[in-house]
Amino acid sequence: MNERIKNVMECMENQRMELDDTLPFSCTHCGGCCVHQEELLLNPLDLFRMAVYLGITVEQWLDRYGECYIGEDSRMPILRIRPQGETRRCPLLKNNKCSVHKVKPSVCGLYPLGRSVRYAMDKQGKPDLEKSEVIYFHGGCFCGSRNGHQTVREWLEEFHLLESESFFLQWSYVIMETSQFLQRLEKVVTNKDIMMMVWNMVFGILYARYDTGKEFQPQFEQNVKQLKEHIADIERLGVQAYGRRI
């Protein structure tokens, strides 16, 4: 674990909040959290729900509002809302209001909270998702009021974020495993075109392959299964090419 990640984790633990703690924040609908934002990061459930709400396909949403980059540390394809103009405003902000408020992305619904996963390990040293837990922490405020008196639980329930904890655990584990694979792969593959093909494959499977006319969760689980199969194939090719597992 590099020093920066270690420091971030320590900061999150120091700012941790329990579900029944009081959150001293209330939204004043100023739109301040929707401008000067570069990191409105999305997971595929966020993307799917917004596409359904807007009556468009996932691909159309990506074309209109999305932007992908490769994470500096994770080496994962990361999806964010594409900021606009000098103020770096969210393109979904209309007349100073969120046009997808009812299904706003989890990073927006959480604000000013953040969340992470504390993994419980099984006897084989692998994460046990059933025993792992989502932890919440205060990420700091730069807008709104400090006069709120709702609990963390009440704040999360407004946008059904407690209901999506099981998906968040799954998603975090998929990100962790895929990130580890991509970091190993990049160390042995010097051809950037090949890496770009792999990054595009990962992004397409995890984010883009969803039919908004069907339920999300079965599609997500099928996509993860396909991704694991592709990674296994690449691992086998690596053994053939380099005589060792990537």
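Data block above holds the structure.
Residues numbered from 1 in each chain as written. Predicted model: local features only at pLDDT ≥ 70, side-chain atom pairs only at ≥ 80, totals over all residues. Heavy atoms only, no water.

### Description of the packing of aromatic side chains
What the rule picks out here adds up to 14 aromatic pairs. When the ring of Phe167 is compared with that of Trp171, the centres are 6.3 Å apart and the planes differ by 15°; the resulting orientation is stacked. Of this pair, Phe167 and Trp171 are both found in helix α6 (residues 165-188), 4 residues apart, which corresponds to roughly one turn of the helix. Considered together, Phe167 and Trp171 belong to a single accessibility category, that of buried residues. Aromatic side chains Phe167 and Phe220 sit 5.0 Å apart centroid to centroid with 70° between the ring planes, which places their arrangement in the edge-to-face category. Here Phe220 lies in helix α8 (residues 216-242) and Phe167 lies in helix α6, a separation of 53 residues in the sequence. Within the aromatic cluster, the residues linked to one another by ring pairs are Phe48, Phe167, Trp171, Phe203, Tyr207, Tyr210, Phe216 and Phe220. (Phe/Tyr/Trp six-rings, centres within 6.5 Å; stacked < 30°, edge-to-face > 60°. Helix = DSSP H or I, 4+ residues; strand = E, 2+ residues; numbered from the N terminus. Buried < 20%, exposed > 50% of the residue type's maximum accessible area, 1.4 Å probe, protein only.)

### Looking at the sheet that holds strand β7 (residues 127-138)
Strand order in the open sheet formed by 3 strands is β1-β7-β6, and the pairing between neighbours is antiparallel. Here the strands that pair on one side only, and so sit at the sheet edges, are β1 (16-17) and β6 (113-121). The pairing of β1 with β7 spans 2 bridges and is antiparallel. Residue pairing for β7: Arg16 is matched across the bridge by Phe137. (Pairing = 2+ DSSP bridges.)

### A short note on the nonpolar core
In terms of nonpolar packing, the biggest core is built from 47 residues, with Trp61 and Leu206 touching the most fellow members. Within the residue set of this core, elements represented by two or more residues are α2 (44-54), α3 (58-65), β3 (77-81), α6, α7 (192-208) and α8. Discounting residues that sit within four places of it in the chain, Trp61 has contacts with Leu42, Leu47, Met50, Ala51, Leu54, Ile56, Gly66, Ile81 and Leu92. Ranked by size, the runner-up nonpolar core spans 17 residues in total, among them Met17, Leu110, Leu156 and Leu161. (Core = buried A, V, L, I, M, F, W, Y, C linked by side-chain atoms within 4.5 Å. Contact = heavy atoms within 4.5 Å.)

### Topic: the pattern of salt bridges
Following the criterion strictly, the structure yields 12 salt bridges and no others. Glu133 is paired through a salt bridge with Arg16; the nearest N and O atoms lie 3.4 Å apart. Here Glu133 is found in strand β7, whereas its partner Arg16 is found in strand β1, with 117 residues between them in sequence. Taking the relative accessible area as the measure of exposure, Glu133 reaches 32% and is therefore partly exposed. Classification of Arg16 as partly exposed rests on a relative accessible area of 23%. Glu38 is paired through a salt bridge with Arg80; the nearest N and O atoms lie 3.2 Å apart. Here Glu38 is found in the loop between β1 and α2, whereas its partner Arg80 is found in strand β3, with 42 residues between them in sequence. Assessed through its relative accessible area of 31%, Glu38 is described here as partly exposed. Here the salt bridges do not stand alone but share partners, grouping Glu38, Glu39, Glu67, Arg80 and Arg88 into one network. (Salt bridge = Lys/Arg side-chain N within 4 Å of Asp/Glu carboxyl O.)

### Observations regarding the packing of α3 against α7
For the pair α3 and α7, interaxial distance at closest approach is 11 Å and the crossing angle is 115°. From α3, Val58, Glu59 and Leu62 reach across to α7, where they touch Phe203, Tyr207 and Ala208. Split into classes, the residues belonging to the contact of α3 with α7 amount to 5 nonpolar, no polar and 1 charged. (Axes fitted to C-alpha atoms, helices over the stretch in contact; angles between N-to-C directions. Nonpolar A, V, L, I, M, F, W, Y, C, P; charged D, E, K, R; others polar.)

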